[in-house]
Amino acid sequence: MFRNFKMVSYVVFGRGCFNQLDGILAKRRPSDDSFMVYMVDDVFQNDSLKNRVPVKNKDKLIWVNVDDEPKTTYVDALTQKIKDFSYRLPDGIIGIGGGSTMDLAKAVSLMLTNSGSSADYQGWDLVKNEAIYHVGIPTLSGTGAEVSRTTVLSGPEKKLGINSDFTVFDQILLDPELIAGAPKDQRFYTGMDCYIHCVESLNGTYLNAFSKAYGEKALELCREVFLGDGPDSDDKLMMASYCGGMSIAYSQVGICHALSYGLGFVLGIHHGIGNCIVFDYLEDYYSQGVREFREMMERHDIHLPRNLVAGVESDKLEKMVDVALVLEPLWENALGADWKQIMTRDKIKELYQKM
Ligand code: NAD
Ligand code: ZN
């Protein structure tokens, strides 16, 4: 069966298009009681962006903190906070930030209309009701969270997304000016998330012409951004993220992501930097990609942390392996249907212990 996948309904792209947000939301305010909730990365608390968010009288702006990547407990607390604002639900949730903030916005928009805890929905197609109208506005590019049908959450048991057609944003607003101020290292790590999406998609067994078309374009843009340095590199990076996300939507990521999830869950290492740490040890699997990645690191003077796993307690190491192994489609995409014969627990431990 071929996947019948849900895409973002509306997309605006262009420098300064953030100014169109007010007009876009105006059509979504049916009555005097209508209100929007902006969930904005608290890194912008003292930034001029703060004054550009079109907050109307009944709207709420919540500063979200992403020092830790999104947890189900945080999603549940934010959902409750929003429910407490009014006797009715908001008319829209607008997430402004990097992948973590966009994922929080997606998850909260789902949990406002679905009962229980967000942890109950970690998995595939478990969500029953449509989400509140939700808008994604990236301030970092690379994750592809703006186009994906998942919101990645760490729960009590596992780090796993809420994968659902209802998760997909109704509207995204891609304004390259918003990513211009990101710190150099963070821009690189998040940008490499996109590069690695492409390498894993293009080298995977799930590859097809749809994924290849988007993956190749995204890879080409990543090369222009990280091996060249044109004046419009923010525009290119933003489109690379979009295309990389579209590529994996119709295929899958691979070994780097599986191992990076384990690192993230057990050691709290963030997705972008975690991918970079892992990818550097995957020359046996993605030789050309890893060589080019090292060239990009050198060019951008990036120094990865080392020896993070070497001294870790054995129960933590086992948990890392457990988390990585849950992600069966990723292993199958990377290594084929017989992946269990190739990638044993011992082999995964060996890889982790190098990091
Ligand atoms: P992030 O959202 O975690 O942010 C990283 C840091 O950059 C934070 O400190 C944040 O405050 C800061 N930041 C964000 N924008 C900034 C800006 N313009 N200027 C200065 N600082 C800024 O980073 P990310 O790499 O975009 O996202 C990673 C998250 O995305 C992880 O939680 C990961 O699990 C998730 N993810 C989701 C998907 C998906 O499809 N849903 C895909 C990949 C990754
Ligand atoms: Zn990723």
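Residues numbered from 1 in each chain as written. Chains lettered and ligands numbered in written order. Predicted model: local features only at pLDDT ≥ 70, side-chain atom pairs only at ≥ 80, totals over all residues. Heavy atoms only, no water.

A. Local environment of the packing of helix α4 (residues 184-202) against helix α8 (residues 271-279). Where α4 meets α8, the axes come as close as 8 Å, and the angle between the chain directions of the two elements is 55°. Relative to α8, the element α4 is oriented oblique. The way α4 lies across α8 gives a crossing that is left-handed. Two secondary-structure elements touch here, α4 through Phe188, Tyr189, Met192, Asp193, Tyr195, Ile196, His197 and Val199 and α8 through His271, Gly272, Ile273, Asn275, Cys276 and Phe279. (Axes fitted to C-alpha atoms, helices over the stretch in contact; angles between N-to-C directions. Helix = DSSP H or I, 4+ residues; strand = E, 2+ residues; numbered from the N terminus. Parallel < 35°, antiparallel > 145°, perpendicular 65-115°, else oblique. Left-handed = near helix turned anticlockwise from the far one by under 90°. Contact = heavy atoms within 4.5 Å.)

B. The arrangement of the pattern of salt bridges in detail. A full pass over the atoms with the stated rule returns 25 salt bridges. Between arginine 149 and aspartate 125 there is a salt bridge, with the nearest N and O atoms lying 2.7 Å from each other. Placement of arginine 149 in the loop between β6 (134-138) and β7 (152-154) and of aspartate 125 in the loop between β5 (123-124) and β6 is noted, with a sequence separation of 24 residues between them. Given a relative accessible area of 22%, arginine 149 falls into the partly exposed group. With a closest N to O distance of 2.7 Å, glutamate 292 and arginine 223 form a salt bridge. Of the two residues, glutamate 292 is situated in helix α9 (residues 287-299) and arginine 223 in helix α5 (residues 209-227); the sequence distance between them amounts to 69 residues. Classification of glutamate 292 as buried rests on a relative accessible area of 12%. In this structure, a network of salt bridges that share partners links the residues Asp280, Glu283, Arg294 and Arg306. (Salt bridge = Lys/Arg side-chain N within 4 Å of Asp/Glu carboxyl O. Buried < 20%, exposed > 50% of the residue type's maximum accessible area, 1.4 Å probe, protein only.)

C. Representation of the layout of surface pockets in the model. The computed volume of the second largest pocket comes to approximately 200 Å³. Counted by class, the lining of the second largest pocket contains 2 nonpolar, 5 polar and 4 charged residues. Residue assignment places the lining of the second largest pocket across two domains, with domain 1 (10-179) and domain 2 (184-354) each supplying three or more. (1 Å grid on protein atoms, 1.4 Å probe; cavity = no way out; pocket = protein on both sides within 12 Å on 5 of 7 lines; lining within 4 Å. Points joined across faces, edges and corners; volume = space filled by probe spheres on them. Nonpolar A, V, L, I, M, F, W, Y, C, P; charged D, E, K, R; others polar. Domains from an automatic or database assignment.)

D. Structural view of the packing of α4 against helix α6 (residues 233-249). Contact pair α4 / α6: the axes reach a minimum separation of 9 Å and the direction vectors enclose 40°. For the element pair α4 / α6, the angle class is oblique. Seen from above, α4 lies across α6 with left-handed handedness. Every residue of α6 that contacts α4 at Arg187, Gly191, Cys194, His197, Cys198 and Ser201 is listed here: Ser233, Asp234, Leu237, Ala240, Ser241, Gly244, Ser247 and Ile248.

E. View of the coordination of the zinc ion (ligand 2). Distances from the zinc ion (ligand 2) to its protein donors, namely Asp193 (OD), His197 (NE2), His257 (NE2) and His271 (NE2), fall within the range 2.1 to 2.2 Å. Around the zinc ion (ligand 2), the 4 donor atoms are arranged such that angles at the metal cover 87 to 170°; this shape is classified as irregular. Counting along the primary sequence, the residues that act as donors to the zinc ion (ligand 2) give the motif D-x3-H-x59-H-x13-H. Remark: histidine 197 and aspartate 193 occur in helix α4; sequence separation between them is 4 residues, near one turn of the helix. (Donors = N, O, S within 2.8 Å, 3.2 Å for Na, K, Ca; no water. Tetrahedral: all angles 85-135°; square planar, octahedral: opposite > 155°, others 65-115°.)

F. Main features of the site of ligand 1. Taken together, 26 residues form the shell around ligand 1, and within it Asp41, Gly99, Ser100, Ser148 and Thr190 come nearest. Within the contact set of ligand 1, an oxygen atom lies 3.5 Å away from a side-chain nitrogen or oxygen of glutamate 69. Threonine 150 places a main-chain nitrogen or oxygen 3.0 Å from a nitrogen atom of ligand 1. Elements with a contribution of two residues or more to the shell around ligand 1: α3 (99-111) and α4. Here the shell around ligand 1 gets 4 residues from one element, more than from any other, and that element is α3. Residue composition of the shell around ligand 1, grouped by class: 10 nonpolar, 11 polar and 5 charged. Taken together, domain 1 (10-179) and domain 2 (184-354) each give at least three residues to the shell around ligand 1, which thus spans both. (Near = heavy atom within 4 Å. Polar contact = N/O pair within 3.5 Å; in protein donor to acceptor, adjacent residues only side chain to side chain.)

G. Structural context of the sheet that holds β5. Spatially, 3 strands are ordered β5-β8-β7 in an open sheet, and the strand pairing comes out mixed. A strand with exactly one partner marks an edge of an open sheet, and here the two such strands are β5 and β7. As paired elements, β5 and strand β8 (residues 159-163) share 2 bridges and run parallel to each other. Following the sheet pairing, glycine 123 is matched in β8 by isoleucine 162. (Pairing = 2+ DSSP bridges.)

H. Just the environment of proline 329, in detail. Residue position: proline 329 is located in helix α11 (residues 328-335). By relative accessible area, which is 26% here, proline 329 ends up partly exposed. Once the C-alpha coordinates of proline 329 and tyrosine 206 are considered, the two residues, 123 residues apart in sequence, prove to be 9.4 Å apart. If sequence neighbours within four positions are ignored, proline 329 has contacts with Tyr206 and Gln252.

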